[in-house]
Amino acid sequence: NEMYSKQWEGCMEIAVQTARTAGQVIREAFKHEKEVSTKSSPVDLVTETDRLVEDLIISSLREKYPSHRFIGEESSAAGEKCLLTDNPTWIIDPIDGTCNFIHSFPMVAVSIGFAVNKELEFGVIYHCLDENLYTARKGHGAFCNGIQLQVSKETDMSKALILTEIGAKRDPATLKIFSGNMERLLKAQVHGIRVIGSATLALCQVASGAADAYYQFGLHCWDIAAAAVIIREAGGNVIDTSGGPLDLMSRRIVAAGTVEMAHYIAREIQTITYERDDHNAN
Ligand code: 2AM
Ligand code: CA
Ligand code: CA
Ligand code: CA
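Residues numbered from 1 in each chain as written. Chains lettered and ligands numbered in written order. Predicted model: local features only at pLDDT ≥ 70, side-chain atom pairs only at ≥ 80, totals over all residues.

Around ligand 1, a shell composed of 16 residues is seen, among which Thr98, Glu165, Gly167, Ala199 and Gly218 lie nearest. When residues of the shell around ligand 1 are assigned to domains, at least three map to each of domain 1 (2–148) and domain 2 (157–268). (Near = placed C-beta within 6 Å. Domains from an automatic or database assignment.)

Taken as a whole, helix α8 (residues 259–268) has its buried residues at Met261, Ala262, Tyr264, Ile265 and Ala266. Where the residues of α8 are buried, they touch β12 (213–217), β13 (237–239) and β14 (252–256). (Buried ≥ 20, exposed ≤ 12 C-beta atoms within 10 Å, placed from the backbone. Helix = DSSP H or I, 4+ residues; strand = E, 2+ residues; numbered from the N terminus. Contact = placed C-beta atoms within 7 Å.)

This part covers the environment of Gln24. The topology assignment puts Gln24 in helix α1 (residues 2–30). C-beta crowding within 10 Å serves as the criterion here: with 13 such atoms nearby, Gln24 is assigned to the partly exposed category.

So, about the sheet that holds strand β11 (residues 192–194). Across the sheet, which stays open at both edges, the 5 strands sit in the order β11-β10-β12-β14-β13 with mixed pairing between neighbours. Only two strands of the sheet have a single neighbouring strand rather than two, namely β11 and β13. On average, each strand axis in the sheet is inclined to that of its neighbour by 20 degrees, with strand direction left out of account. Direction of pairing for β13 relative to β14: antiparallel, over a ladder of 3 bridges. Residue Ile239 lies in a different strand from β14, and its bridge partner there is Val254. (Pairing = 2+ DSSP bridges. Axes fitted to C-alpha atoms, helices over the stretch in contact; angles between N-to-C directions.)

What follows deals with the domain arrangement of the protein chain. Segmenting the protein chain into domains produces domain 1 (2–148) and domain 2 (157–268). Each of domain 1 and domain 2 has a C-alpha centre, and the two are 20 Å apart. Taken together, the elements giving at least two residues each to the side of domain 1 that touches domain 2 come down to β3 (69–72), β4 (89–96), α4 (98–103), β5 (109–116), β6 (119–127), β7 (132–137) and β8 (142–144). Per-element tally for the side of domain 1 that touches domain 2: the top contributor is β6, with 6 residues. Taken together, the residues that form the side of domain 1 that touches domain 2 break down as 21 nonpolar, 11 polar and 5 charged. (Nonpolar A, V, L, I, M, F, W, Y, C, P; charged D, E, K, R; others polar.)

It is worth spelling out the confidence of the model for the protein chain at this point. The predicted model of the protein chain averages 95 in pLDDT, with 96% of residues at 70 or higher. Scored by ipTM, the complex comes to 0.95, with pTM at 0.96. (pLDDT = per-residue confidence, 0-100.)

Right, let's get into unusual backbone geometry. Phi is mostly negative for residues that are not glycine, and the peptide bonds are mostly trans. Of note, the phi angle at Ser104 is positive, near 60 degrees, even though the residue is not glycine. Within the secondary structure, Ser104 is located in the loop between α4 and β5. Using a count of 12 C-beta atoms within 10 Å as the deciding quantity, one classes Ser104 as exposed. In this structure, Gln189 takes a positive phi of about 65 degrees despite not being glycine. With respect to the helices and strands, the residue Gln189 is situated in the loop between α5 (172–187) and β11.

Next comes the structure, spelled out in structure tokens:
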């Protein structure tokens, strides 16, 4: 109802302010030397700015919404569970594109998604360097800096521009699947395949119609939450790589402007199975 909808509109305004403030901190840090450490593997990187920005986002939101729950990449790394309950839950990636950030490659974003009753209500993604702000609220359309977004209508793979990501796993089986997927798409004569190093910004390109599709496995709920709302509200499709409905915790996603393209890719690509984001939830 109207009251319900209005309630989350206020939260979204706060999310926008918070993302802009976080983006300013990242923009400033971008110019300076970064202190880098590794997490699960030598190519799974984190900087002090990732942690600082997540703390800043969560502490300022928690102050306003003490009863809400928070899922964030860097606090999850510290052992907090990705437990999605019916309670209002903020799903946060403080820096999406950490490797880009470290190399001063300017594709870096803040992502804030919000779910209630396990349903995504709104998403905010802020491209810190271009200062492009992507926003969407369920039932109200998707926007970039206030301009409404519309996905591509392309159904023909031989006319498609596809985006994907290179994950942190580099074992032979993963690499074989990765290159096999590329090969199958290239044989379908797609126009091109791009890897930009920021899952959220890649998904925003699908929402904008600048890319026809995106697929990836190994992502986490904070990479997908905000972007899924933005793509859906731009008229796009977000599904599981199995072809079934998107599962926020499954670590797998196919996003496309058209149903045809989403299912074509889901059919064509092979995936490896990752431990679910909610594996240790009770
Ligand atoms: P991050 O920068 O927040 O870590 C680069 O591969 C893109 O994919 C980034 O958006 C990165 O997010 C995200 N990503 C996160 N975990 C990943 C994983 N396990 N495999 C592949 N990509 C991952
Ligand atoms: Ca990371
Ligand atoms: Ca991320
Ligand atoms: Ca991150």
